[in-house]
Amino acid sequence: MLTKKIEDALNHHLTEEFESAYLYLSVASYFSSIELPGFAHWMKIQYEEEMYHTMKFYDFLELRDGRVRLAGLKAPKVDWASPIEAFSQVFAHEQLISSKIHELVDLSLKEKDHATNNFLQWFVSEQVEEEATTKGILSRLKMIGDSTSSLLMLDQELSKRVFVPPEK
Ligand code: FEO
């Protein structure tokens, strides 16, 4: 059984994951609009990952006899000035989500909810990967600078990403 505080916090975070998915779908559309289909594909896979994260919170709430309370989603930004600006936002967003997961971990400790704490540990590790991956692509974009041919090569590479559910 969840305390009201934990149930509310998990519901709040479920919305954060949904909003991550929504943001990344918007970033995917931006990349399509500037003719970088590989980047767009990569972001659509990222959207799928975020929906996977969202559903983990959904399932955990139900498993613990909590109620899922869906909230309205913030409309994401639609346009960015450059691929670097878009990926800077993606990386910053992952850092923000990491800090929110850490706040949830702190709350689970405060409330002595060991099951929720155990559930959240998966996200603590996942966020390390999420930050490393998005920072890696951002760094490569910075190295590429104004080279269109290098940008197109990276686009080609990103087009190969396949969605693998994170726990498989
Ligand atoms: Fe669900 Fe990319 O954090």
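Thresholds, definitions, all that
- Residues numbered from 1 in each chain as written.
- Predicted model: local features only at pLDDT ≥ 70, side-chain atom pairs only at ≥ 80, totals over all residues.
- Heavy atoms only, no water.
- Helix = DSSP H or I, 4+ residues; strand = E, 2+ residues; numbered from the N terminus.
- Contact = heavy atoms within 4.5 Å.
- Axes fitted to C-alpha atoms, helices over the stretch in contact; angles between N-to-C directions.
- Parallel < 35°, antiparallel > 145°, perpendicular 65-115°, else oblique.
- Left-handed = near helix turned anticlockwise from the far one by under 90°.
- Nonpolar A, V, L, I, M, F, W, Y, C, P; charged D, E, K, R; others polar.

## Here we look at the environment of L2
Within the secondary structure layout, L2 lies in the segment before α1 (4-33). With 48 residues separating them in the primary sequence, L2 and E50 have C-alpha atoms 24 Å apart. Beyond its immediate sequence surroundings of up to four residues, L2 is in contact with E7, L10, L61, R64, G66, D113 and T116.

## Overview of the packing of helix α3 (residues 83-110) against helix α4 (residues 114-144)
Between two packed helices, what matters for the description is the angle formed by their axes and the separation of those axes. Running from N to C, α3 and α4 point in directions that differ by 165°, and their axes come no closer than 9 Å. The pairing of α3 with α4 is recorded here as roughly antiparallel in orientation. For the element pair α3 and α4, the recorded crossing hand is left-handed. Looking at the contact of α3 with α4 residue by residue, the class counts come to 16 nonpolar, 10 polar and five charged.

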